[in-house]
Amino acid sequence: MAISPGSDAAFSSQKSSLSESPRTKKYPLTEEEIFYMNCRAAYLTVFKSSLENIISKDQLYLALQHAGRNPSQKTIDKYWTPQTAKLNFDDFCIILRKEKPTSKAELLKSFKQLDVNDDGSILHTDLYKLLTKKGEKMTQEEVNAVINLADVNADGKFDYIKFCKLYMITNEQCLKTTLEKLEVDSKLRRQQFGSHIEGFPERDPSPVPKPSPRIIRKTDQETFSNKGDSRSSLLATSRKFKISVSFTITMEANSNRNSKLTEPNSIKVFGWTGELGPGIYWLIPSTTGCRLKKEVKPITEEAQLVCRDETGELFLTNEFRSTLSDIFEIIDLDGNGLLSLEEYNFFELRTSGEKCDEDAWAVCRENFDTKKNELTRQGFMDLNLMEANDREGDPRDLWVTLLSMGYNKALELTEACPFVIDIYADKCKPRIKAVHMEPCSGQLEKAICKSVLDKGDAKVMDGYENIIVHTHKRDTWITSVIENKSDNKVIIHINNELSKNCINNRGLNIFAVEVAPKSAMVCQHVMPLDERQEWIYNCVYSLIS
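Residues numbered from 1 in each chain as written. Predicted model: local features only at pLDDT ≥ 70, side-chain atom pairs only at ≥ 80, totals over all residues. Heavy atoms only, no water.

*Asks:* Even after reading the chapter, I still don't get the pairing of strand E14 (residues 510-515), so can you show me in this structure?
*Replies:* Every other side chain in a regular strand lies on the same face of the sheet, so the side chains alternate between the two faces. In terms of burial, E14 is a largely internal element, six of the six residues being buried. Of the two faces of E14, both are covered, the one formed by Ile510, Ala512 and Glu514 as well as the one formed by Phe511, Val513 and Val515. Sheet topology note: the strand E12 (residues 490-495)/E14 ladder contains six bridges and is antiparallel. Along E14, the bridge assignment pairs Ile492 with Val513. (Buried < 20%, exposed > 50% of the residue type's maximum accessible area, 1.4 Å probe, protein only. Helix = DSSP H or I, 4+ residues; strand = E, 2+ residues; numbered from the N terminus. Pairing = 2+ DSSP bridges.)

*Asks:* Looking at this structure, how should I read the sheet that holds strand E2 (residues 153-154)?
*Replies:* Each strand in a sheet pairs with another by means of backbone hydrogen bonds, the pair being arranged parallel or else antiparallel. Ordered by their spatial adjacency, three strands build an open sheet running E1-E3-E2, and the pairing between neighbours is antiparallel. At either margin of the open sheet sits one strand with a lone partner, and together these are strand E1 (121-123) and E2.

*Asks:* Before we go on, may I ask you to explain the side chain of Glu99 in this structure?
*Replies:* Assignment of secondary structure puts Glu99 in the loop between helix H6 (89-98) and helix H7 (104-112). When its relative accessible area of 4% is taken as the criterion, Glu99 is described as buried. In terms of polar contacts, Glu99 uses its side chain to reach the side chain of Lys78, at 3.1 Å. (Polar contact = N/O pair within 3.5 Å; in protein donor to acceptor, adjacent residues only side chain to side chain.)

*Asks:* Got a minute to help me understand a nonpolar patch on the surface in this structure?
*Replies:* Side chains of Leu283, Phe419, Ile421, Ile423 and Ile432 sit close together on the surface and give an oily, nonpolar patch of about 480 Å² of accessible area. Positionally, Phe419 belongs in the loop between helix H18 (396-404) and helix H19 (443-455). When its relative accessible area of 55% is taken as the criterion, Phe419 is described as exposed. (Patch = residues over 30% accessible without salt bridge, like charges linked within 9 Å, V, L, I, M, F, W, Y side chains within 5 Å. Areas by Shrake-Rupley, 256 points an atom, 1.4 Å probe, with all protein chains shown as cover. Salt bridge = Lys/Arg side-chain N within 4 Å of Asp/Glu carboxyl O.)

*Asks:* Help me understand the packing of aromatic side chains, please; the structure alone is not making it clear to me.
*Replies:* Working definition: an aromatic ring pair is given by the centre-to-centre distance plus the angle between the planes. In total, this model carries 11 aromatic pairs according to the counting rule given. Centroid distance Phe111 to Phe163: 5.8 Å. Interplanar angle 85°. Geometry classified as edge-to-face. Taken together, the positions of Phe111 in helix H7 and Phe163 in helix H10 (residues 160-184) put the pair 52 residues apart, joining distant regions of the chain. With respect to class, Phe111 is no different from Phe163; both count as buried. With centroids separated by 5.5 Å and ring planes inclined at 35°, the aromatic side chains of Tyr344 and Trp361 adopt a geometry described as tilted. (Phe/Tyr/Trp six-rings, centres within 6.5 Å; stacked < 30°, edge-to-face > 60°.)

*Asks:* What exactly am I supposed to notice about the sheet that holds strand E10 (residues 464-473) here?
*Replies:* Across the sheet, which stays open at both edges, the five strands sit in the order E9-E10-E11-E15-E13 with antiparallel pairing between neighbours. The two strands at the open ends of the sheet, each matched to only one other strand, are strand E9 (457-461) and strand E13 (502-504). Across the sheet, the mean angle separating the axes of adjacent strands is 25° when strand polarity is ignored. For strand E11 (residues 478-484) and strand E15 (residues 519-528), the ladder comprises seven bridges, and the chain directions are antiparallel. By the bridge assignment, Ser480 is partnered in E15 with Gln524. Of the strands in this sheet, E9, E10, E11 and E15 are in contact with H19, which crosses E15 at around 80°. (Axes fitted to C-alpha atoms, helices over the stretch in contact; angles between N-to-C directions. Contact = heavy atoms within 4.5 Å.)

*Asks:* In this structure, what is going on with the environment of Lys57? I would like to understand it.
*Replies:* Topologically, Lys57 is positioned in helix H4 (residues 57-66). For the pair formed by Lys57 and Lys86, sequence separation is 29 residues and the distance between their alpha carbons is 9.4 Å.

*Asks:* Would you mind showing me how to read empty space enclosed by the protein here?
*Replies:* Picture a little ball the size of a water molecule; that probe, rolled over the atoms, points out where space is still empty. Taken as a whole and judged by the stated rule, the model has five cavities of 30 Å³ or more. Of the volumes computed, that of the largest cavity is approximately 60 Å³. Residue lining of the largest cavity: Leu114, Asp115, Val116, Asn117, Asp119, Ser121, Ile122, Leu123, Asp126 and Lys157, and that is the complete set. In terms of residue count, E1 provides more of the lining of the largest cavity than any other element does, three residues in total. Tallied by class, the residues present in the lining of the largest cavity amount to four nonpolar, two polar and four charged. (1 Å grid on protein atoms, 1.4 Å probe; cavity = no way out; pocket = protein on both sides within 12 Å on 5 of 7 lines; lining within 4 Å. Points joined across faces, edges and corners; volume = space filled by probe spheres on them. Nonpolar A, V, L, I, M, F, W, Y, C, P; charged D, E, K, R; others polar.)

*Asks:* Is there a simple way to explain the pattern of salt bridges in this structure?
*Replies:* Side-chain pairs of opposite charge can arise whenever the charged atoms involved come near each other. Applying the stated criterion across every chain yields a total of 15 salt bridges. As a salt-bridge pair, Asp77 and Lys57 come within 2.7 Å of each other at their nearest N and O atoms. Of this pair, Asp77 sits in helix H5 (residues 73-79) while Lys57 sits in helix H4, placing them 20 residues apart in sequence. Salt-bridge contacts for Glu302 lead to Lys409; the nearest nitrogen and oxygen are separated by 3.2 Å. Of this pair, Glu302 sits in the loop between strand E4 (241-251) and strand E5 (306-308) while Lys409 sits in the loop between H18 and H19; the two residues are 107 residues apart in sequence, bridging distant segments of the chain. On the accessibility criterion, Glu302 (33% relative accessible area) is partly exposed. The exposure class assigned to Lys409 is buried, which follows from its relative accessible area of 5%. One salt-bridge network, held together by shared partners, links Lys74, Glu387, Arg391 and Asp397.

Now the structure itself:
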C-alpha cells in the first residue's frame, strides 16, 4: 500500500503517555520532538546504535514498520536504488518525514471501494482478486494468511472495519513498546541520534532551551544543567567532562541589509561574485536551517486528482492538471517548453528512484505527444493519465509522485522551494548543467565540512589533539564543524547558553553530538535572531567522559 499523509493516529498513545512525566508537564513536547522520539525508538529497535547503518532493503522495511509505516515495494525501491549501499539514521528520519503513517480513514476508504453491500465486509473471493491481481500482487500464501485471521474473518467475509481497528491498535502498541524500551534504557537515551546532514529539523526560535529527541532528554540533562542558571550548569558539568574548549565571537549588526551589489543587467539577484580558475565547479543550493521552518498546516480536505466522465472514462481534474503544469515548469531545466530524457530522469529519480532508459523513452515518444524527440506538456499530462488508468483510477501512486515533489494533500507546495541559478562571467561563456544528487548522500554535509576545515579557525581540545573544533565566521552566520581523527567515537556536549541574540539550526541551546571515528560532522549553524542588533556567539564544547 502506498503511504500518504493522514492523521497521525499512531502517535496518540505516545502523546498521552509522555504527558505523565514531570518534565513534560512543565515543558510539553512539540510535534517535531514527538516525531524524532518515534524515529529514535524505531531505529534503536532494529539497531544497537544510531551509528549503525541500514545496509539492506529488509532492514529498511523492518525499521519503517517499527515506525508505524506500511511501505509498499515501490516506496522501498524509491529510497533503496541500485546505487544505494547504506542509509544512516538521518536518512531514515528524512524518509519518515516524507512517508507519513496511514490513517484509519484512509484504510477504510481503500477497502470501502470493494464493499458492494456497504456492510463493512468484503467477500473473500473479491479480496483475493484485489490482492493478487491489482497493484503490488501478493502471493496465495500471503492472502491466505490474511483470510485466516480469526478476529477479522467469518462466513467467507473479511471484516475490514475490525481489521483497520486492529491495524491501528497494533501500530500504536508497537510504537508504545519501543518508546517504553527507550525510556528505560538510559544508556540509549545518552546517545547522539544522527550525524546532522542537510535534512536536519528546523525549529521555531526560542530564548528558552527546548528538549529534542535528537539530544539528551531533560532527565539526563539535569546532570548537566541547574534549572536555567548557565554558570551553575557549567560548574555542574565540569565534573562530567574531560576537557572543554570555547569560542566567543562578537558580530556587528547588519547595517547593509538593503545594500545592493553591482551586478550585470541580465541578472536580477545573485549571491556571490569573485574570480575562479578554469575547471568544473559544483553549485549546491542550501540553507542553514536556522530560519526556514517546516510548515505545519492541517489539511481539511484531500484534493481530487482524477474523475470519471459520463461514459466512465478517466480524466485529470483541473486542479491536478494545474499542479502537473507547475511540475513540468520545474523539471524543464533549459526552459524550452519540452522535456528531454535527461530532464525527465531528474523527475523520475526524485519520485521513483529509477531512471527511464533509451528503450522506454522510445516507447514514450511513440505513445505520447513529443516534439524534437522531447516530451511536450500535453504528453506529460497524458503520461500521468495513463498511470491513473493503469491503476483503474486509484490515485495512490500519483500521490507518491506529488509528495516526492513537495506537495501536500491540498496540492500546495510546502516541502520544496524551486529556484533559478544564473551565471555571468566577463571573460568566458560558462555553461551550467544540472546533475543528480543522490538522496541522503551527505554531499552537502561533506562540502560544508571541507569549506569550514579549509577556511575556519581551529581549536584543539587540550590533551586530545585528535579532536578539533573548526569555526567559520561569515558575514551573516557562523558554522562549526567537529573533526574526530581518533580511532574511537567521541561524544561532545555543546552549550550555547551564554550566546546573545542567536538562533541555531538545532533549535536548542544545549545538546550533545556523537562523532564517528575518522570523520568530521557539521555541529551547528548559528545566525542572529535580529540582524539589526549586535549578536554574540559564545559556545563551549566539552568532551564527555
